[in-house]
Amino acid sequence: MSGGIARVGVVGGGQMGAGIAQVCARAGLDTVVCEVDALAARAARERVAASLDRAVRRGGLAAAEAREALDRLAFTGSLDDLADRQLVVEAVVENPDAKTEVFAALDKIVEDPAALLATNTSSLPVMRLGMATSRADRVVGLHFFQPVPVLPLVEVVTSLHTSAATLAAVEDFAAGALGKTVIRSRDRAGFVVNALLVPYLLSAIRMAESGFATAADIDAGMELGCAHPMGPLRLADLIGLDTVDAIAESLYDEFKEPLYAPPPLLRRMVEAGLLGRKTGQGFHRYGG
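First, a word on what this report is: a plain description of the structure on this page. (Residues numbered from 1 in each chain as written. Predicted model: local features only at pLDDT ≥ 70, side-chain atom pairs only at ≥ 80, totals over all residues. Heavy atoms only, no water.)

What to know about the layout of surface pockets
Considered as a void within the structure, the largest pocket measures approximately 1300 Å³ in volume. Elements supplying a minimum of two residues to the lining of the largest pocket: α1 (15-26), α4 (96-109), β6 (139-144), α7 (193-210), α9 (232-239) and α10 (241-255). For the lining of the largest pocket, the element with the most residues is α4, which contributes 5 residues. Considered class by class, the residues forming the lining of the largest pocket number 27 nonpolar, 15 polar and 7 charged. Within this model, the second largest pocket holds a volume of roughly 590 Å³. Along the walls of the second largest pocket sit 21 residues, with Ser51, Arg54, Gln146, Pro147 and Pro149 positioned nearest its centre. The dominant element in the lining of the second largest pocket, judged by the number of residues it contributes, is helix α2 (residues 38-57), at 6 residues. Of the residues assigned to the lining of the second largest pocket, the class counts are 9 nonpolar, 6 polar and 6 charged. (1 Å grid on protein atoms, 1.4 Å probe; cavity = no way out; pocket = protein on both sides within 12 Å on 5 of 7 lines; lining within 4 Å. Points joined across faces, edges and corners; volume = space filled by probe spheres on them. Helix = DSSP H or I, 4+ residues; strand = E, 2+ residues; numbered from the N terminus. Nonpolar A, V, L, I, M, F, W, Y, C, P; charged D, E, K, R; others polar.)

Here is the structure:
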């Protein structure tokens, strides 16, 4: 894309979407975040502002830089406000119907035929989303990791239709503009990281489910015995148990390997709304 990407849209203002928007704004990019309505858009703005404030308090960001980043962000409840974007990153719920609907709508709304559409999906086929548009060659996976402002990695995932020019443009965006480390993956469920990580998380869940060890002891074992910065059950709570379940389902659907099958305990916790940090309780309790 001539001159690089300067105008970015982000669809979804939850943990991932807010983090993506924050790093784009801190990189000096004109960024618009779209949520389902004006109320959700205000909540997304508060989420980004709180994250920037934490960065200032921890000494990683100057107060003036935080204000400038927030000034580069606009928040809206209408996809129509993304019409002039050069790149739009979708970061909505990990549901194939929801994501396909977003891509079909963006294809009609984003005016520049050279504009790129990216998905932050953890596991869904990029091809499926690309085929919901008339520009499958300009659709790509751009998978960030939570927390986005802290973790340096981005997976770039190309479908069978993604063009070489699209790949070059998004790699330049992620590595050049955002300063992230890029790894490439083919369009297979889970990509590189989750295809390795999720079976490990599911194994820990099965261990807790069987009564072999408590959640606290499982996490302590991996943190203190293997020098992991966070145990597998705390990590699952951080990711969100609903997201872990969705990724596992996608992996199992594609590969039919038993190690990818979601354990019954995970399914029951999701049904009960015990999703981890974002609900205050998962395998551990959080907050007051």
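Focus: the packing of helix α8 (residues 215-225) against α9
Describing two packed helices takes the angle between their axes plus the distance from one axis to the other. One way to put it is that α8 packs onto α9 with a least axis distance of 7 Å and a crossing angle of 105°. Here α9 runs roughly perpendicular to α8, going by the angle between their axes. Of α9, the residues touching α8 (which contributes Ala215, Ile218, Asp219, Met222 and Glu223) are Pro232, Leu233 and Arg234. Considered class by class, the residues forming the contact of α8 with α9 number 5 nonpolar, no polar and 3 charged. (Axes fitted to C-alpha atoms, helices over the stretch in contact; angles between N-to-C directions. Parallel < 35°, antiparallel > 145°, perpendicular 65-115°, else oblique. Contact = heavy atoms within 4.5 Å.)

Describing the pattern of salt bridges
Per the counting criterion, the structure on display carries 13 salt bridges. Arg85 is the salt-bridge partner of Asp30, the closest N and O atoms lying 3.4 Å from each other. Taken together, the positions of Asp30 in strand β2 (residues 30-34) and Arg85 in the loop between β3 (73-76) and β4 (87-90) put the pair 55 residues apart, joining distant regions of the chain. Here Arg85 falls in the buried class, since its relative accessible area comes to 2%. As a salt-bridge pair, Lys99 and Glu94 come within 3.6 Å of each other at their nearest N and O atoms. Each member of the pair, Lys99 as well as Glu94, carries the same accessibility label: buried. Salt bridges sharing common partners tie together Asp30, Asp84 and Arg85. (Salt bridge = Lys/Arg side-chain N within 4 Å of Asp/Glu carboxyl O. Buried < 20%, exposed > 50% of the residue type's maximum accessible area, 1.4 Å probe, protein only.)

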